[in-house]
There are 2 protein chains.
Amino acid sequence: MSQHLNDTICALATPPGVGGLAVIRCAGRLAFELCDRDFNSRVRLADAADHTIHYGWWEHDGVRVDSVTCSVFRAPHSYTGDDVIEIGCHGGPHVTAQIIRSLLDNGARLAEPGEFTKRAFLNRKLDLTQVEAVADLIHAQSRMGAQTAARQLAGGFTRRLAALRQHLLDVCGLLELELDFSEEDVEFVDRTALLAALTDGNAIADQLAASAASAEILRSGFYVAVVGYPNAGKSSLFNALLDRERAIVSDIAGTTRDYLEESIFLEGYTVRLYDTAGLRSSDDTIEMQGVRLTTSLVEQSNLILVVNDASLGKHHSDALVSSLQDIAGTRPIVIVHNKSDLLEDPAAFSEKGSVAVSTIRGTGLESLRQALLEYARSSSEGVSDVLINGRQASILRDVSASCSSARAGILEGRSMDYVAVDVRAAIRYLGDISGETWSPDVLDTIFSRFCIGK
Amino acid sequence: MSQHLNDTICALATPPGVGGLAVIRCAGRLAFELCDRDFNSRVRLADAADHTIHYGWWEHDGVRVDSVTCSVFRAPHSYTGDDVIEIGCHGGPHVTAQIIRSLLDNGARLAEPGEFTKRAFLNRKLDLTQVEAVADLIHAQSRMGAQTAARQLAGGFTRRLAALRQHLLDVCGLLELELDFSEEDVEFVDRTALLAALTDGNAIADQLAASAASAEILRSGFYVAVVGYPNAGKSSLFNALLDRERAIVSDIAGTTRDYLEESIFLEGYTVRLYDTAGLRSSDDTIEMQGVRLTTSLVEQSNLILVVNDASLGKHHSDALVSSLQDIAGTRPIVIVHNKSDLLEDPAAFSEKGSVAVSTIRGTGLESLRQALLEYARSSSEGVSDVLINGRQASILRDVSASCSSARAGILEGRSMDYVAVDVRAAIRYLGDISGETWSPDVLDTIFSRFCIGK
């Protein structure tokens, strides 16, 4: 590992593809030296001041590759904590490939996925929850998700965990002192205060663990399964909902096309519409089989949208709705009465939990968007300064269980030896979250979410 | 235009998508002020030294968006020649969208396609051939193309044009002096030297214009039409050629998938394989119709690859080859004898202009790749320090025609008034190439090749 950390690594740091600008990051002991071999400028990077930018030509083996800027970050004042050069070049694939190849020629190696951020962790520039915040910032499917990840990156969550851990450490120290003097029957730790600390730990851990589902909405988007009998107008509804927003976000955020085909963007939320193809067939006999195929989609969704052909009656899809209710459980079902332009009294169709729309006239779509946004918002409430993920939720449940067990031990009058074991476990778990204690396996799992260049 | 130039503009400068890092460029009179409103750091950007990098938090309306670096470029020492801030943030679409939105809120406007580079031109940081080199660097489909564009960006071509133009300007000055003194019948300009200068101009312009076709190969790739009777093994050949190279370039250069499906990368060249679907049908009667459908593809290609099922005989595709020869003209036709594993004597099939391969055994593929690379190389010879494009070639032909006309005038003993008109035209055309003279229409055409952020 230490040999590994001594390597000088490089990779494309900006997204792949074509753009005005691309940045290649080179980090490690020899970063300045390896870059200086090809960077033709008035300034030697090795001599350059920290946090300065230098203009020059990248030339390798006598071949001029591009006019570039080199930004100098001296250890430890860099992203990874190493000496780092960021090479800004024109964003063409054959330009970036040439620069990366020349760095490899000069003795650097290609960075592994997430290796820059891993070094930042190992060099104590970021703790594990901040590392996870970086991944969430990059991949967040909602503005709120990105903002929460930014707060998490700022370390608010880390400080809360650290405060809780410190509190338990103090308590534990006194408990252990008390155990050393157990012959003398002295109480160093006030039992009421200890119980209060454990109750606190319990509540905080439970509350944070419970926010994982909401966090997942901010992180990955609000999943909506769109269900309906054939010809109810699901496709038209899809297209009507997609229209305008798509172009805007595509221009600004540059998200990929594959993904936009199914998503709408509502005030910073990504709402992912999943068409349930199983109900598309026009053959009535396979409809219920379609429902069964739909089951897994519905189970994974945050909300079910039933598209009803209102021209066939308000209750035309009732059988479908009731069959879905069993699968949906507590998940909301919203009925969209489509083709409201064919109705004499569309108002009669507007009631709680349903929206009347006409995809042809474009009426009711704003109400539907608003309803989806409200559901997305209320489903992601309670997330403050951290996007709890699966790893953290699992550890938090362990923290909570340890606190509960310690409390029960005290209340049941068990030996303080047992209680101390539980408190120590809670402390160790809290350390696992932020990475004060870590194993290579845990790091591997976390960095498997990263790509090369991060 | 001047009001327009006073605007402060911003855009994502790096390719859209997900990555470790993204860069947003903000350029214009208010760049420092607009960024300072949201950049929470120990340093005010307005006070910061030129070419320095500052770390801080991007916060808009009290919301923490991301931890960022701001790089300071003071006019005129920036890409555009304006005051420029480059904001380096985490490469997530919801992060970059928030920062761009906050800059728009603060009073910047979204940059138009190519507007940063257009400003660089208007502020005399780049001439037109350098502007075109930027586009070619970014979009080049070959390493050689990118390298040539880099030399063009360095200004070698500009200097050659300027030297030629200056030479003609000197000659023209003397010619005009001579015309002023025409009553006195003095020869200020040595006719032999004048003819030599015009012959030079003629030759240089012709040679450069002629390199446009080669430049197009470096810029866009070497186009290969793959033709063959049904079941000759075209698809297997496609896949066999694609394999390994694909993954490598995709990792390093991050080119898109759509494009890779048809391209192989050979020592810096992009070879674009076009399958001619017209010949895919198994119905023999429509084969010749298929050939007709293939015509336009063959006409646009640099080389035609005929896949012959060698197990049906060496001459099985001769009729197809001869029908293609009419369309191909001087373009090379290479015959690939596929299924060579079924032959008793594969060596008998190897002759000039043909390669025997077995896609099943993987034999002969390296020879075929080598042959394609040799053809790509020889077809793109003669390109030195400029990738002549259509606009430049067209103007260069005008330069050449003007020089020819002036020479003819001298040799025919016509009045020097007429000769001077031609020389002046050649000078004006040369100025059009580098943009010493330009029209808004020409700029619009050139910048239509650019995207937002360049």
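Residues numbered from 1 in each chain as written. Chains lettered and ligands numbered in written order. Predicted model: local features only at pLDDT ≥ 70, side-chain atom pairs only at ≥ 80, totals over all residues. Heavy atoms only, no water.

Undergrad: Would you explain the overall build of chain A in this entry?
TA: The secondary structure content of chain A amounts to 17 helices and 13 strands. Its C-alpha atoms give chain A a radius of gyration of 28 Å, clearly above 22 Å, the size a compact globule of 454 residues would have. Residues classed as buried in chain A amount to 56% of the 454 residues present. A distance of 5 Å separates the average location of the 42 positive side-chain charges in chain A from that of its 61 negative side-chain charges. (Helix = DSSP H or I, 4+ residues; strand = E, 2+ residues; numbered from the N terminus. Rg over C-alpha atoms; globule rule 2.2 N^0.38 Å. Buried < 20%, exposed > 50% of the residue type's maximum accessible area, 1.4 Å probe, protein only. Lys, Arg positive; Asp, Glu negative; His and termini not counted. Charge placed at Lys NZ, Arg CZ, Asp CG, Glu CD.)

Undergrad: What is the right way to read the pairing of strand 11 (residues 303–309) of chain A from this model?
TA: Regular strands place their side chains on alternate faces of the sheet. Residues and elements named next belong to chain A. In terms of residue burial, strand 11 counts as a mostly covered element, since seven of its seven residues are buried. Neither face of strand 11 is open: one carries L303, L305, V307 and D309, the other I304, V306 and N308, and all of them are buried. Across five bridges, strand 8 (residues 222–228) lies against strand 11 in parallel orientation. Each residue of the ladder has a partner; that of V224, found in strand 11, is L303. (Pairing = 2+ DSSP bridges.)

Undergrad: Help me understand the sheet that holds strand 9 (residues 263–266) of chain B in this model?
TA: Whenever strands of a sheet pair, they do so through backbone hydrogen bonds, lying parallel or antiparallel. Residues and elements named next belong to chain B. As summarised here, the arrangement of the six strands in space is 9-10-8-11-12-13, forming an open sheet in which the pairing is mixed. In this open sheet, the two strands that pair with only one neighbour each are strand 9 and strand 13 (354–356). Each adjacent strand pair in this sheet contributes to an overall mean axis angle of 25°, direction not counted. Pairing analysis gives three bridges linking strand 12 (residues 333–338) to strand 13, with the strands arranged parallel. When the sheet's bridge partners are listed, H337 is paired in strand 13 with A356. Across the sheet, helix 14 (residues 365–379) is in contact with strand 8 (222–228), strand 9, strand 10 (269–275), strand 11 (303–309), strand 12 and strand 13; its angle to strand 8 comes to roughly 135°. (Axes fitted to C-alpha atoms, helices over the stretch in contact; angles between N-to-C directions. Contact = heavy atoms within 4.5 Å.)

Undergrad: Looking at this structure, how should I read the relation of the copies chain B and chain A?
TA: One copy of the chain maps onto the other through a rotation about an axis plus a displacement along that axis. For the match of chain B to chain A, the screw axis carries a shift of 0.0 Å, the RMSD comes to 0.1 Å, and the turn is 180°. Put plainly, the chains are arranged around a two-fold axis. Of every C-alpha in chain B, the one belonging to B:T52 sits nearest the axis of rotation, 2.2 Å from it. Same-surface contact between copies: 100% of interface residues of chain B are shared with the interface of chain A. (Least-squares fit on C-alpha atoms with pLDDT ≥ 70 in both.)

Undergrad: How do you make sense of the pattern of salt bridges when you look at a structure like this?
TA: Opposite charge on two side chains lets them pair, provided their charged atoms get close. All names here are of chain A. Applying the stated criterion across every chain yields a total of 38 salt bridges over all chains. Put simply, D136 and R219 hold a salt bridge, and the shortest N to O gap is 2.8 Å. Within this pair, whereas D136 is found in helix 5 (residues 128–139), its partner R219 is found in helix 9 (residues 212–220), the two being separated by 83 residues in sequence. The exposure class of D136 is buried, given its relative accessible area of 0%. We classify R219 as buried; its relative accessible area is 7%. (Salt bridge = Lys/Arg side-chain N within 4 Å of Asp/Glu carboxyl O.)

Undergrad: Is there a simple way to think about the interface of chain B and chain A in this case?
TA: The extent of an interface is frequently quoted as the accessible surface area lost upon association of the parts. The partner chain A presents 59 residues to the 59 residues of chain B that form the contact. Here chain B meets chain A over a buried area of about 5000 Å², counting both sides, of which 68% is carbon and sulfur. Linking chain B to chain A there are zero salt bridges. Linking chain B with chain A are 11 residue pairs in polar contact (both at pLDDT 80 or more), by the criterion used here. If you list the elements that add at least two residues to the side of chain B that touches chain A, you get strand 2 (19–27), strand 4 (52–60), strand 5 (63–73), strand 6 (84–91), helix 3 (93–106), helix 5 (128–139), helix 6 (143–153) and helix 10 (234–253) of chain B. Of all the elements, strand 5 of chain B adds the most residues to the side of chain B that touches chain A, at eight residues. (Buried area = accessible area lost by both parts, 1.4 Å probe. Polar contact = N/O pair within 3.5 Å; in protein donor to acceptor, adjacent residues only side chain to side chain.)

Undergrad: How should I be thinking about the domain arrangement of chain A in this particular structure?
TA: All names here are of chain A. Examined at the domain level, chain A breaks down into domain 1 (2–127), domain 2 (131–211 + 387–435) and domain 3 (224–379). Summing both partners gives a buried area of about 490 Å² for domain 1 against domain 2, and 60% of it is carried by carbon and sulfur. For domain 1, the biggest contributors to the area lost against domain 2 are F121, L126 and D127; these three give 78% of the whole. Linking domain 1 with domain 2 are zero salt bridges. Its residues placed into classes, the side of domain 1 that touches domain 2 shows three nonpolar, one polar and one charged. (Domains from an automatic or database assignment. Nonpolar A, V, L, I, M, F, W, Y, C, P; charged D, E, K, R; others polar.)

Undergrad: What is the right way to read a nonpolar patch on the surface from this model?
TA: On the surface, a nonpolar cluster with roughly 370 Å² of combined accessible area is contributed by A:L174, A:L177, A:F181, A:V186 and A:F188. Accessibility expressed as a relative area gives 37% for A:V186, which makes it partly exposed. (Patch = residues over 30% accessible without salt bridge, like charges linked within 9 Å, V, L, I, M, F, W, Y side chains within 5 Å. Areas by Shrake-Rupley, 256 points an atom, 1.4 Å probe, with all protein chains shown as cover.)

Undergrad: Just to check I follow, could you spell out the sheet that holds strand 9 (residues 263–266) of chain A for this structure?
TA: Residues and elements named next belong to chain A. A sheet is described by the order of its strands in space; here six strands give the open sequence 9-10-8-11-12-13, paired in mixed fashion. Strands at the two margins of the open sheet, each flanked by one partner only, are strand 9 and strand 13 (354–356). Adjacent strand axes in the sheet meet at a mean angle of 25°, parallel and antiparallel pairs treated alike. Across six bridges, strand 11 lies against strand 12 (residues 333–338) in parallel orientation. Pairing of D309 across the sheet is with N338, part of strand 12.

Undergrad: Would you mind going over helix 14 of chain B with me for this structure?
TA: In an α-helix, one turn spans 3.6 residues; hence positions three or four apart end up facing the same way. Between its first and last C-alpha, helix 14 of chain B extends 21 Å over 15 residues, near the 21 Å set by a 1.5 Å rise per residue. Among all positions in helix 14 of chain B, only B:L365, B:L368, B:R369, B:A371, B:L372, B:L373 and B:A376 are buried. (Expected span 1.5 Å × (residues − 1).)

Undergrad: Just checking my understanding: could you explain unusual backbone geometry for this structure?
TA: Most of the time, phi is negative for any residue but glycine, and the peptide bond is trans. The residue after A:A75, namely A:P76, is reached through a cis peptide bond having omega 0°. The residue A:P76 is located in the loop between strand 5 (63–73) and strand 6 (84–91) in this model. In this model, B:R124 sits at a positive phi of 65°, which is unusual for a non-glycine residue. The topology assignment puts B:R124 in the loop between helix 4 (115–122) and helix 5. Of note in the backbone geometry, B:K339 takes a positive phi value of approximately 60° without being a glycine. Counting through the fold element by element, B:K339 comes out in the loop between strand 12 and strand 13. Residue B:K339 is classed as partly exposed on the basis of its relative accessible area of 23%.

Undergrad: Is there a simple way to explain the packing of helix 3 (residues 93–106) of chain A against helix 6 of chain B in this structure?
TA: Axis angle and axis distance: for two packed helices, these are the angle between their axes and the distance between the axes, and together they describe the pair. Contact geometry of helix 3 of chain A with helix 6 of chain B gives a least axis separation of 9 Å together with a crossing angle of 95°. Accordingly, the angle class assigned to the pair helix 3 of chain A and helix 6 of chain B is roughly perpendicular. Contacts between helix 3 of chain A and helix 6 of chain B pair A:H94, A:V95, A:Q98 and A:R101 from the former with B:R143, B:A146 and B:Q147 from the latter. (Parallel < 35°, antiparallel > 145°, perpendicular 65-115°, else oblique.)

Undergrad: I tried to follow helix 7 (residues 156–180) of chain B on my own but got confused; where do I start?
TA: Residue and element names in this part refer to chain B. Taking 1.5 Å of rise per residue, 25 residues should cover 36 Å, and helix 7 covers 36 Å from first to last C-alpha, within 8% of that figure. If you check which residues of helix 7 are buried, you get G156, F157, T158, L161, L164, R165, L168, V171, C172, L175 and E178. Buried-residue contacts for helix 7 involve helix 5, helix 6, helix 8 (191–210), helix 15 (390–411) and helix 16 (416–434).

Undergrad: Just checking my understanding: could you explain the packing of aromatic side chains for this structure?
TA: Where two aromatic rings form a pair, the distance of their centres and the angle of their planes describe that pair. Residue and element names in this part refer to chain A. Tallied over the entire structure, the rule returns four aromatic pairs over all chains. Across the ring face of F116, the terminal group of R25 is positioned such that the distance to the ring centre comes to 5.6 Å. When the ring centre of Y429 is taken as origin, the NZ or CZ atom of R428, which lies over that ring, is 5.4 Å away. (Phe/Tyr/Trp six-rings, centres within 6.5 Å; stacked < 30°, edge-to-face > 60°. Lys NZ or Arg CZ within 6 Å of the ring centre and 35° of its normal.)

Undergrad: Before we go on, may I ask you to explain the confidence of the model for chain A in this structure?
TA: Any segment with low pLDDT has predicted coordinates that should not be analysed in fine detail. Residue and element names in this part refer to chain A. Scored by pLDDT, chain A comes out at a mean of 84, with 91% of its residues at no less than 70. The model gives residues 244–261 a pLDDT under 50, and that stretch makes 31 contacts with residues more than four places away or in other chains. Scored below 50 in pLDDT, residues 278–288 shows 21 contacts in the model against residues more than four places distant or in partner chains. Scoring the predicted complex yields pTM 0.80 and, for the interface, ipTM 0.79. (pLDDT = per-residue confidence, 0-100.)

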